[in-house]
Structures are given as structure tokens and as C-alpha cells.
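Here is how the chains run, residue by residue.
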Amino acid sequence: MTEIVLLISKSFGLECLKYIIDHDKKVLNRVYTIDDRNDKRTKFQEIIDLCKENQIEFLAVSTNKEFELKFKQRSDIPDYVIVVGWYWIISRDVLNFVKKEIIGFHYSLLPKYRGGSPLVWAIINNEKETGVTMFCFRDEIDNGPIIEQTKISIEEIDDINSLVEKCNNIMLTQLENNLPKIIDGKMEVNFQNEMEATYCSNRIEEFGKINWYKPARSIYNFVRAQTFPYPGAFAFLEDETKIRVLKAKMVSDVWYSVPGQVVRINKEQGSILVGVGDNEVIEILQIYINGSEMSPVNVFKSIKSRIL
């Protein structure tokens, strides 16, 4: 019988575990999950409880070193490993410890947007579509053979949250489509075209500062790509207080102003208009300041204000 090990965390990891249990839990050799209880998105306890309920062996790990040690000390080597919501890069040692394949998902149409934060970069770059790729892991970054690939439109109203939700729904469908083939040894793959590969660098919070001299489209994409639960696009008040811009809206008006200047306060809507590059403005609908989400009109009282 085919034996599968899961490396999972977060909501979609939990959903994948539920699906495999419902489909054929006998193939599950064991489950590794990350002890991420300090993360508000955690599903740690739900994953543990589900494993206990179905008498599936589970191992909770806190570091990659701990995971690799526990994984490689086992004598029961799995045929496949399926990875969902895993924090760490799978090392060559782990890759070589599996009989057949380590399988995962990537939020892009590989070989495009290999690497970190592909959906964030896709929105920032004003892409009109992205996708999900189910693929086999190899030594290099996201370069393994493709099992299935599905395109997703990036709509004007999408932000990182709605796009992640779309991708997660597609990922579950791809797992449903291919798990029976994996179990039966009938999985088919296609190799990536290396000539078409592009790469994404990892993003850190410091990269989120808004440049008000850029055009409205660029700033709108920048905001919606990084809203909560990501760190958020940020700026500073004139007294150096840091604010995060959580939600913005495109406006077609032409305004001659200094970029970052508050040019209008919309008390009824609770929003403000801020001048940006190319004589454009952007409407700021929601901000985060001093630990609270609020409407911008609660902070900005004068059109003499400027955001830096």
C-alpha cells in the first residue's frame, strides 16, 4: 500500500488532512505539524485533535532542525510526502529520504514567480492573472515537474486575502483530482521550461513603506497586496507616528498637490483623499494606528496634513 506523510499547518493544511482522512486515511503514515500557537492563524490544536480522533500518528515540531531530526530517524520511509503551509525549505537530505516524491503547491503559474511571496509580487506588478501549481519538489527553487496547474484571474477588487482564498480552493481541488492517481501510482507530470522562469525575493516588513510619488495605480496595488494579515503598507505622520494603510480605492480625479498631502476629508465616508504622483489622488478607506483599526477621518482633521 502507498504510504503518505503530511507536513501541514494553518487552515488549508487542516482541510487537506480532512480530505485525505475522508478519501482513504489508511494511506496516512503520519502527520507533522508546526507548533505555531503564537500565530493568530494557527490551526495547531484542530490538527492535533483530528489526528487523535482518527488514530493517526502526529509529531509537533518547533524548528526545522527538530523536524529533520525526527523525520530522518524513522525507519518507515514513506512513498510520498505532501507539503501544505510548511514554513521551511525542504532540504536535500529530506528529499533523498523519500521513496518517490515530495509534493507541494505554489501560488503561481510556474515557472513564473518562483520563490517567496508570489501573490504579493503578482498584485504589486499589476498582473491580471496568477494561478496554483501542484508540483514535485527538487533541489532548486520551485523547479520540479508539474502535476497540475490552474489559472486564476486577479480582479480589480481582489486583495491578498481574497486571492489566497481563491488559491486555497483551487489547491484543494487539485489535491482531490490527483490523490487517487498518487495512491494508484498513475500520477503524470510535465517538466517546466527553464527559459520562462522568473523569481521573487522574500519580502520583509521594512519593504512596505509607501512612496507617495508613485502613481495611484501603483500605490493601490501596493496597499491591497500587503493588507492584513500581512504586515501592511505603511507611512508616517508628520510627528513620526507609524500608520498602516489597510484599504484604499482608485479615484479618477486630477489633483495638483504635493505627494502625500491630504487634499480632501470625506467625513460622511470616513475617508481621505491623498495626493500622489502624476497629479493623481488615492482614497484611503481604512488605516491601522496605535494598535487599532480605524477610519482615517479619526486621525486626519485638516487638509494641511501630510503623510510621509
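This text follows the structure it describes.
All values derive from a computational prediction rather than experimental measurement.

Turning our attention to the sheet that holds strand S2 (residues 28-34). As summarised here, the arrangement of the seven strands in space is S3-S2-S1-S4-S5-S7-S8, forming an open sheet in which the pairing is mixed. Edge positions in the sheet fall to strand S3 (58-61) and strand S8 (146-153), since each of these pairs with one other strand and no more. When strand polarity is set aside, the average angle formed by the axes of neighbouring strands in this sheet is 15°. As paired elements, strand S5 (residues 101-106) and strand S7 (residues 129-136) share four bridges and run antiparallel to each other. In the strand pairing of S7, Gly104 is matched with Phe135. Contacting strand S1 (4-8), S2 and strand S4 (80-84), helix H1 (residues 10-24) runs over the sheet at an angle of about 170° to S2. Sheet strands touched by helix H2 (residues 44-53): S1, S2 and S3. Its angle to S2, the strand with the most contacts, is close to 160°.

In this chain, Leu110 is followed by Pro111 through a cis amide linkage whose omega measures 15°. Mapped onto the elements of the fold, Pro111 is located in the loop between S5 and strand S6 (114-115). Following Phe228, the chain continues to Pro229 via a peptide bond in cis, the omega torsion being 10°. One can find Pro229 in the loop between helix H7 (216-225) and strand S10 (233-236). At Gln55, a position not held by glycine, the phi torsion is positive, near 55°. Mapping Gln55 onto the fold places it in the loop between H2 and S3. Classification of Gln55 by relative accessible area gives exposed; the value is 77%. Unlike most non-glycine residues, Glu240 shows phi in positive territory, near 75°.

This brings us to helix H3 (residues 64-72). For an α-helix, the turn length of 3.6 residues means that residues three or four places apart are oriented alike. Taken together, the buried positions of H3 are occupied by Phe67, Glu68 and Phe71. Along the axis of H3, the buried positions cluster into a sector of 95°, meaning they face one direction only. Turned more than 90 degrees away from the buried face of H3 sit Lys65 and Leu69, all of them exposed. Residues of H3 that are buried in the fold lie against S1, S2, S3, S4 and helix H4 (92-95).

Rules and cut-offs
Throughout this description, residue numbers start from 1 for each chain and increase along the sequence as written. Selection of residues for local features in this predicted model requires a pLDDT of at least 70, selection of side-chain atom pairs for listing and counting requires 80 or more, and totals for whole chains, interfaces and linings are taken over all residues. Values reported for side chains reflect all heavy atoms of the structure, with hydrogen atoms and water molecules removed beforehand. For two strands to be treated as a pair, DSSP must find at least two bridges joining them. Strands are runs of DSSP state E lasting at least 2 residues, helices are runs of H or I lasting at least 4, and numbering of each runs from the N terminus. Helix axes are fitted only over the stretch in contact, all axes being lines through C-alpha atoms; the angle between N-to-C directions runs from 0 to 180 degrees. The contact rule is simple, with two residues in contact once any of their heavy atoms fall within 4.5 Å. Categorising residues by exposure relies on relative accessible area from a 1.4 Å probe, with only protein chains included: less than 20% of the type maximum marks a residue as buried, more than 50% marks it as exposed, and the intermediate range marks it as partly exposed. The directions from the helix axis to the C-beta atoms are what the arc is built from.

Interpretation note: all reported values are geometric properties and have no functional meaning in isolation.
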